[in-house]
Structure formats: structure tokens, C-alpha cells
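What the coordinates show
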Amino acid sequence: MTKPFVEMRGIKKAFHQHVVLNDVDFEVRAGEVHALMGENGAGKSTLMKVLTGIYERDAGTVLVDGREVHYRHPKEAELDGISVIHQELTIIPTLSVAENIFLGRESTIGRTGIIRYQEMEKQAEVYLKKLGIHIDPSELAGNLSVGKQQIVEIARVLSTNAKCLIMDEPTAALTEREIQTLFEVIRTLKQQGVAIVYISHRMEEIFTICDRISVLRDGQFIGTKRIAETNFDEIVHMMVGRQIGERFPKRNATIGEERMRVEGLTQEGVFENVSFSVRAGEILGVAGLMGSGRTEIMEAVFGARKADVGTIYIDGQPVSIPSPRHAIEHGIAMITEDRKQKGLVLNMSVRENLTLPKSEQLATAGVIQTVKEKELVSSLIKKLNIKTASPELEVKALSGGNQQKVVFGKWLAMEPRILILDEPTRGVDVGAKKEIYEIMNELTAQGVAIIMVSSELPEVLGMSDRIMVVHEGKVRAILENEGIDQETIMRAATGGKA
Amino acid sequence: MENKWNFDVKKLGPLIGFFLLCIVLSILSDSFLTVNNWMNVLRQVSINALIAFGMTFVILTGGIDLSVGSVLALSSAITAGIMASGTNGFTAIIIGLLAGFLMGALNGVVITKGRIAPFIATLATMTMFRGLTLVYTDGRPITGFASDDILFQMMGRGYFLGIPVPVVFMIVVYVALYFVLKKTTFGRHTYAIGGNEEASRLSGIRVDRLKIGIYSLTGGLSALAGIILTSRLNSAQPTAGTAYELDAIAAVVLGGTSLSGGRGWIFGTLVGALIIGVLNNGLNLLNVSSFYQQVIKGLVILLAVLLDRRKEA
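Notes on the structure in this doc start here. (Residues numbered from 1 in each chain as written. Chains lettered and ligands numbered in written order. Predicted model: local features only at pLDDT ≥ 70, side-chain atom pairs only at ≥ 80, totals over all residues.)

Across its full length, chain A carries 17 helices and 22 strands. By its C-alpha atoms, chain A is 70 × 50 × 50 Å across when sized along the principal axes. Within chain A, the fraction of its 498 residues that count as buried is 46%. Of the contacts formed within chain A by residues at least 6 apart in sequence, a portion of 68% connects residues at least 24 apart. (Helix = DSSP H or I, 4+ residues; strand = E, 2+ residues; numbered from the N terminus. Buried ≥ 20, exposed ≤ 12 C-beta atoms within 10 Å, placed from the backbone. Contact = placed C-beta atoms within 7 Å.)

Before going further, it helps to examine unusual backbone geometry. Residue and element names in this part refer to chain A. Of note in the backbone geometry, Glu 169 takes a positive phi value of approximately 45° without being a glycine. Along the chain, the position of Glu 169 falls in the loop between β7 (164-168) and α6 (176-191). By C-beta crowding, Glu 169 is classed as partly exposed, having 18 other C-beta atoms within 10 Å. Residue Asn 385 is not a glycine yet carries a positive backbone phi of 55°. By secondary structure assignment, the location of Asn 385 is in the loop between α13 (370-384) and α14 (400-412).

Residues and elements named next belong to chain A. One open sheet holds the six strands; their spatial order is β16-β19-β20-β13-β21-β22, and the pairing between them is mixed. Edge positions in the sheet fall to β16 (332-335) and β22 (474-480), since each of these pairs with one other strand and no more. Each adjacent strand pair in this sheet contributes to an overall mean axis angle of 15°, direction not counted. Pairing of strand β13 (residues 283-288) with strand β20 (residues 449-453), which is carried by four bridges, proceeds in the parallel orientation. For Ile 283, the partnering residue across the bridge sits in β20 and is Ile 450. Most of the contacts of helix α15 (residues 430-445) go to β20, to which it runs at about 150°, and overall it touches β13, β19 (418-422) and β20. (Pairing = 2+ DSSP bridges. Axes fitted to C-alpha atoms, helices over the stretch in contact; angles between N-to-C directions.)

Each partner contributes residues to the interface: chain A has 27 residues there, and chain B has 22 residues. Contributions of two or more residues to the side of chain A that touches chain B are made by α10 (324-329), α11 (339-343) and β18 (367-368) of chain A. A class-by-class count of the residues in the side of chain A that touches chain B yields 14 nonpolar, seven polar and six charged. (Nonpolar A, V, L, I, M, F, W, Y, C, P; charged D, E, K, R; others polar.)

The next thing to look at is the pairing of strand β9 (residues 212-217) of chain A. All names here are of chain A. Of all six residues in β9, five are buried; the element is thus mostly enclosed. Where strand β3 (residues 33-37) lies against β9, four bridges are found, and the strand directions are parallel. Along β9, the bridge assignment pairs Ala 35 with Ile 213. In terms of strand pairing, β9 meets strand β10 (residues 220-226) through six bridges, oriented antiparallel. Residue pairing in the sheet places Ile 213 in a bridge with Lys 225 of β10. Hairpin connection from β9 to β10: two residues lie between these consecutive antiparallel strands, with Asp 218 at a positive phi of about 50°.

Structure below.
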């Protein structure tokens, strides 16, 4: 192999005596995809911020192309060819693809400021071709799928002559097919000698696309392994520092009476004739590609979206659910896919978030009973093992996994009878994932009916009793979870026969 | 949102500014620190403060209400008009308050059910209510009514335990709303909507109903301010309350409430209103020309917001 393009040795970084990186080594070579793993808060982002000059290191050396560097600003890192593809895309939807790629570096006629659009579009096409993808450079970026927007972003970075790409959870918002396209792009980049740092929680992806893995835990460098010489369990062990045992904990809930039945639910152009049921103590897994309508179906069941026709029965009785408030009154809770946009009030405290759906029950004549509220909050924090310095801390200060636990807590507080989970473990690290699975198991043991939508097929297979597969707004199959594998589900989810 | 750090710094900032302003003015002018002058300042502040208290709720939800000045004028005209036709003060005041409340409710309905941005919706109703005031008054002040109605006369000019009645209203409303914001579901949900409306809706909060309630409250408080003003001037001016929305918004922002919603304190609004009132009064005492007064007021607002930004960084 070639010598490292980026080499970091003995990196130390502390914020107010709180050590977040202690003696960390990391390197990435040209033409290599190097995974950086660790639980939330392990120091992955901090390490990358030290590399790109957002933070100044307290100790250690950083060599880029064999030369010691001290970046003060990400712009300086970019000049040396180190760029970051952020989790939240920075595409401007109202500008064209070409305009996005050359934003701030537009090709103009002399110094007049008049843009040479044709020239720019021609150049944009060159970069997009390099990635092996066809996207019309004159198309508005906002009209593209998230996956293509991401590729536009990669093209933009390439056009600045990038030699090292840092990708932070690049597949978080992509469909299965888009992930495959992205992997093709990554392979092309590898061949062109680009060094890639790949940050992700998705183990399957890392074993598919990466060459080496480096693991951090609590700011310590644990080790670097070649993918070919390691396995899933070893990496998890390195990340959490203990054996977490079975990835999906065993469950022994007795499945009872039918809790909810949905019949012929239709919203024109979104989903069609959707029928399914879920029983007490059961987990119904819902698989399907992103954009298949699976989230929209759940929103309609929860009253957050209006279906045109269809009937929902709870305990055999037809009910009307025109708003989330009605759903809550019927004992339905929904943990949404996007916790920042739809799940939490980020600048409110952990306490206020935990009691939001229940605040009216905690109040007498509109006045919130502080003592009752505090009791409930401390019992939830304990039960869910939420790691927060204080219940008064703003929820945005918590790590992703703990934020997700707050979302769980806020719905557990109302003691739901039917719980809808949409991507319950997205962006959550391995340890917290397991805790969330255990909570789900405990709930089913208490007789709660759970519907779990997930893009992670191993999770669907590992947790569900039955699996419903959605494709283009229609239910393709409802399968007993016995002797089926990922391929069976994928075939149905992509429109093939189950 | 209630952690120590926010609590201290955020609340002290405007307060320190207020005291500094008072110290400077008491050095520059002999008549500033007199009981008489302060009664005057507080009476003037009370009108803006009452409107700004309502505005605080509106801004906490991430909205804005530009129509408060017009609501004030129309409620004032209605109250005066009814009294001029011989109705007693009590009935007229109730009808005036109700009118303001309904105008606010209309704002709320247009914003929530019509899904129109608050800025646009209240810009439209501001124009409409002002127009209705001109129609109702025929563009002339309403005068010569209820000179012997004690209740009505008390509203703007009376004293209660030695404190001007408008100031008593300001204090009572402040205490009540402070409690509402701090201790009730109404207050909690106000913050929640401003912080994340979608998450609030999905948590079962009746977002539309709450917003309509908040705009109604603001309408009612604007009407109360209007009635106090009518009593003080003993006339209803068709142009009353013009640009009052700007002073109210300024008071809210000076107090440290974020225009993007979800963060803020009604105590800050009280201090903000006091700062504006004292500044107006001080500049008058110092014989600063009214043209320069506006320049200085604008500068103070800019400065306050800049300092506030610094602290958050």
C-alpha cells in the first residue's frame, strides 16, 4: 500500500478539562476507504474537526502528504484537498446542479460578474461523468432525490480537486438503491486514488465498502483492523468495551388479541388499499424502500395525515382518528422517523420534552403540578437510563442515542397500547440500540402492540413477529418471520414476488 | 430552558441596561428622579407594556402581530362611540374589550385555518381595522362623552392606593401572565409551539386553538390599552395607536425574547418596555429634538440586540 495521505499521531483535545480525545492515532491512504467507528460521543466528529481545522489540537501531529499542517479554518484544509460531506446536505434547492457545484467559484466573463452558464454546465457534466452518474446539470437541485443531491455534493467537492473525502453518515437518508449507487461512486473514487474516511453506524455497509476500520471509545484510540481480518463481533466489542451478547435480545411475550386492524386505507397517489392488523404483545415489522409510502401510512394511522378512505378498528371497534390528539386518546403513540424535526422541541429541557404529550394530565385547572411532573420525569430517566447531567438540560445537548431515549420516554409516559416506531434506531449507536430493543421487548411483554418501520433489514428480521412489505404505496406481502431472509424481503420491497 | 446560566445572564442583561440608563439620566437631569416624573413615566409605559405582554406570547410562538395599534384604535373608537350614544361606562368598556378580543381571534383564525403567515395576515388586518376606525369615526376624533362616568374616568386618570390605575393594570396583567407562562399548560405549550410546531402537534397539542387563544389575548390587551388611552385623553382619536406595534415588538426584543420563537421571558418584556419609556422620557427632559430621539431609540435597540447576540455565542 502507499504511504498515508493523512496521518494523525497522538492527538489530544480537551474542552474545559474534559478530555475528549486522548492520544489518538489515525491515518488514511490514497485509494483507501477507512471506516471511523465508535459510539456517539466517542470522539469521531471531534477528531475530524481537529483534522479540518475547526478545532485546534492540544497535542499531537497532523501530517498531510508528509507535511506537518496546522489548519486554522476548514478552507485551509480544503486547499490541501481535504473536504467533508456533511450529514445534512448543503445543497441549495432553488439553484441548478451546475450552479450548486460551482457555488462561490462561478465561471464569469472577465470580472464582470456575468456568469457563463454553458461553460459551467459543460464542466459540471465532466465532474458528474467522472462519478459515473448521469444528472442533467441544468436541473434544479431541489428536484433531485436525496441520493442524487448527495452525488452533486460529492461532485462539488471533487471540482475543488479533493484528495481526501470525509463522509459523515452518508447513507442515513438514502434508499437501498441509492446506497448501491453511492457505493459505485465510492469505488470509482477509490480507483482515482481519493482517500475516504467513512463514518457510519451501519455495520453491514462498513463491511461492504471499507478497507480498514479504526475504532474510538471514550476519546481513546482502540485500534485499527483490516476488514478482511476482523468480524462484526470483534468490532462491536472494541466499540463498547464489553460483550453486548446477542445483537437482538430474545423476547418472550405472549401474543394476544388483535389490538388494531386497518382496512382499505387509501390516500390518492400516496398509498392504496392498505390493510393489516397488529395484536397485543406482537411486533409487526414494516419493510420497504424509502419513498415507498410506509411512513405516510403510519402518519395516516396516527392522524397526522388525512386518508381518503379506509377504516381503523381498535379492539374491534371502528374509530375515527382525524388528528394526533385523537390517536393519543385511543392509546396510540408514534415515534417519528425524524426526531429533530418531529420528535423533540430541541431548546426545551429534557423534563419539558418528556412530559409534553402528558402535560394536560399533569395539570389541575391548567396549572402544571410540579411535584407530580418531577416524579414522573425522574422515574422515566431512570427506567430508560437516559444519560443527562440534569433533567433541566436542553435536550439538544444530549447525544443522539439519549435524545432518542427521550422520545421513547415521552411516549412511554402516556402508557400507550399501540406503539408505532418509524426508524427507531436511526443514528443511534450499538449500545443504545440494544437498550432500545430491550425496551421494545419489555413493552410487548406488557401487552403493547408495536408496529416498527425500519430500513435496516437485519433489525426487521431480528425483532419482528410478522413482516409487512410495502412497495409503491401497496402492501406486497405480510410474512410470518420464519425461515425468510433479507433477499425475500428485498424482492418484495422492489416489486418482485415475495 | 430553566437552567441557571440562562436564567441569570438573560434576565440580568436588560435589567443592567435599564439601571445604567436610569443612573445616566438622573445625573443629566434634576427632574428625572422625582416621584412626579416616575408616575408619568410608568403611566406612559403601561400602555405599551400591556400590548407588549400579549406580543410576547405571539412572538414566543414564532409569530408577529402588526395589527395591535389598529385594534387599539378601533376598540377605543367603539368604546367612545357607545358612550357618546349614552350607554354607561361599564358596558362600553366590556364591549370595547370584547371587540379587541374578537379582532385578535380573527387574526388567529386567519393565521391558523387560512394558513397565512402571521406577518401578512396581521399586515392585512392592521390596514383593515384602521380603515374601519376611520369609517366608524368618519376620520374625526370622538369627544365629549361620559365626563361624569367615574369608572371610565378612573381607567386612565384614577389612582388606586396612590398608584395610577393604568400602572395597576400593568402590574396585575404582568403577574397573571407571568404565572400563566411559567406554571400552566397554556404557557408550556406556547413555548413548545415556538420551539417546534410539528413536534407539538404530533404530541397532541391543539396548536390552532392555542394560537387563536394567544392572538385573542393580544387583541384583548390592545383593547384594554386603547380604553386606558381614551380615558386619559378623554377622546378617541382615529389615528391612535399608529406604529404602536413597533414599540411593542421593540420591548419584547429588548427583553431578550427571540423573534424566531420558543425562547423568551415576560419579565424581559416588562424591562424592555421600561427602557423604552425611560428613554423617551429622559430625551424629552433633556430637550433632545424629537427627530434625534428616533435615531437614538433605534440605536439603543440595535445595541441591545447586538449585546444579546454576543452572550449567546
